[in-house]
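Chain by chain, the residues:
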Amino acid sequence: MNLPEEEQIDNLSGDKQPVLIFLHGRSLSGTNLDRVKRYGVLYAMNKGQEVPGIVIAPQSRGGWDPDKVIEIVDYAIEHYNADPDRVYICGMSMGGYGTMDVAGKYPDRIAAAVAICGGGSVKYADNLSQVPLWVQHGNRDRAVPMSESKK
């Protein structure tokens, strides 16, 4: 978890911070958190990109469970000065699937979502209309066919 500087000093000071969750793809799965820095929001931050708010980039061992992702969000809201009305989620590939599933299962908890080259569970599809959602997928993707995002 990456916190804004004022959060690191005193989690009760200042305005409530937005929360950004980044869900990685299968290639970064495992138990070595340094892998999560290979692409995505932590990679950009390591290259100097500022991301305002609380950044959460958990590591999966091979799939994203929407309930476990929301547990992490709840932890941040309880222990840090996080704004429960500004929770944003994004993910790539397997993380794109996780993004769609979290936003679909918990549409009342997610302010907006970005799913890149992923898909999602059809059982949550109806709820996605309640979440501002940006879906990106290239038609030359060899790992996940674009039909998964369209579905």
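Residues numbered from 1 in each chain as written. Predicted model: local features only at pLDDT ≥ 70, side-chain atom pairs only at ≥ 80, totals over all residues. Heavy atoms only, no water.

**Student:** Residues and numbers for the packing of aromatic side chains, please.
**Tutor:** One pass over the full model with this rule turns up two aromatic pairs. Aromatic side chains Phe22 and Tyr39 sit 6.2 Å apart centroid to centroid with 90 degrees between the ring planes, which places their arrangement in the edge-to-face category. Here the residue Phe22 occupies a position in strand E1 (residues 17-23), and Tyr39 occupies one in the loop between E1 and helix H2 (41-46), the gap between them amounting to 17 residues. (Phe/Tyr/Trp six-rings, centres within 6.5 Å; stacked < 30°, edge-to-face > 60°. Helix = DSSP H or I, 4+ residues; strand = E, 2+ residues; numbered from the N terminus.)

**Student:** Help me get a handle on the sheet that holds E1, residues and values and all.
**Tutor:** Taken in spatial order, the five strands of this open sheet run E2-E1-E3-E4-E5, and their pairing is parallel. Both outer strands of the open sheet, strand E2 (54-56) and strand E5 (133-136), are each paired with one neighbouring strand and no more. Across the sheet, the mean angle separating the axes of adjacent strands is 15 degrees when strand polarity is ignored. As judged from the three bridges shared by E1 and E2, these two strands associate in the parallel manner. Its bridge partner lying in E2, Val19 is registered against Ile54. Against the sheet, helix H3 (residues 66-79) engages E1, E2 and strand E3 (82-92), with an angle of about 145 degrees to E3. In the packing of helix H4 (residues 94-105) onto the sheet, the strands contacted are E1, E3, strand E4 (112-116) and E5, and the crossing angle to E3 comes to about 145 degrees. (Pairing = 2+ DSSP bridges. Axes fitted to C-alpha atoms, helices over the stretch in contact; angles between N-to-C directions. Contact = heavy atoms within 4.5 Å.)

**Student:** Outline the environment of Val69, listing residues and values.
**Tutor:** With respect to the helices, strands and loops of the structure, Val69 is situated in helix H3. Classification of Val69 as buried rests on a relative accessible area of 3%. Note: C-alpha distance between Val69 and Pro18 (51 residues apart in sequence) is 16 Å. With residues near it in sequence (within four places) discarded, Val69 still touches Ile21, Leu23, Trp64, Ile89 and Val102. (Buried < 20%, exposed > 50% of the residue type's maximum accessible area, 1.4 Å probe, protein only.)

**Student:** How would you sum up the pattern of salt bridges? Please name residues and give values.
**Tutor:** Should the charged atoms of two oppositely charged side chains come close, the side chains can pair. Per the counting criterion, the structure on display carries four salt bridges. With a closest N to O distance of 3.4 Å, Lys37 and Asp34 form a salt bridge. Lys37 sits in the partly exposed class, given a relative accessible area of 39%. In this structure, Asp67 and Lys105 form a salt bridge, with 2.9 Å as the shortest nitrogen-oxygen distance. (Salt bridge = Lys/Arg side-chain N within 4 Å of Asp/Glu carboxyl O.)

**Student:** Describe the nonpolar core, listing the residues and the values that go with them.
**Tutor:** One finds Val19, Ile21, Val69, Ile89 and Ile110 to be the most contacted residues of the largest nonpolar core, which totals 23 residues. Elements with a contribution of two residues or more to this core: E1, E2, H3, E3, H4 and E4. Non-local contacts of Ile21, meaning those with residues more than four positions away in its chain, are made with Ile56, Pro58, Val69, Val73, Val87, Tyr88, Ile89 and Cys90. One finds Val36, Val41, Val55 and Ala57 within the second-largest nonpolar core, a separate group that totals eight residues. (Core = buried A, V, L, I, M, F, W, Y, C linked by side-chain atoms within 4.5 Å.)

By themselves, these figures tell us nothing about what the structure is for.
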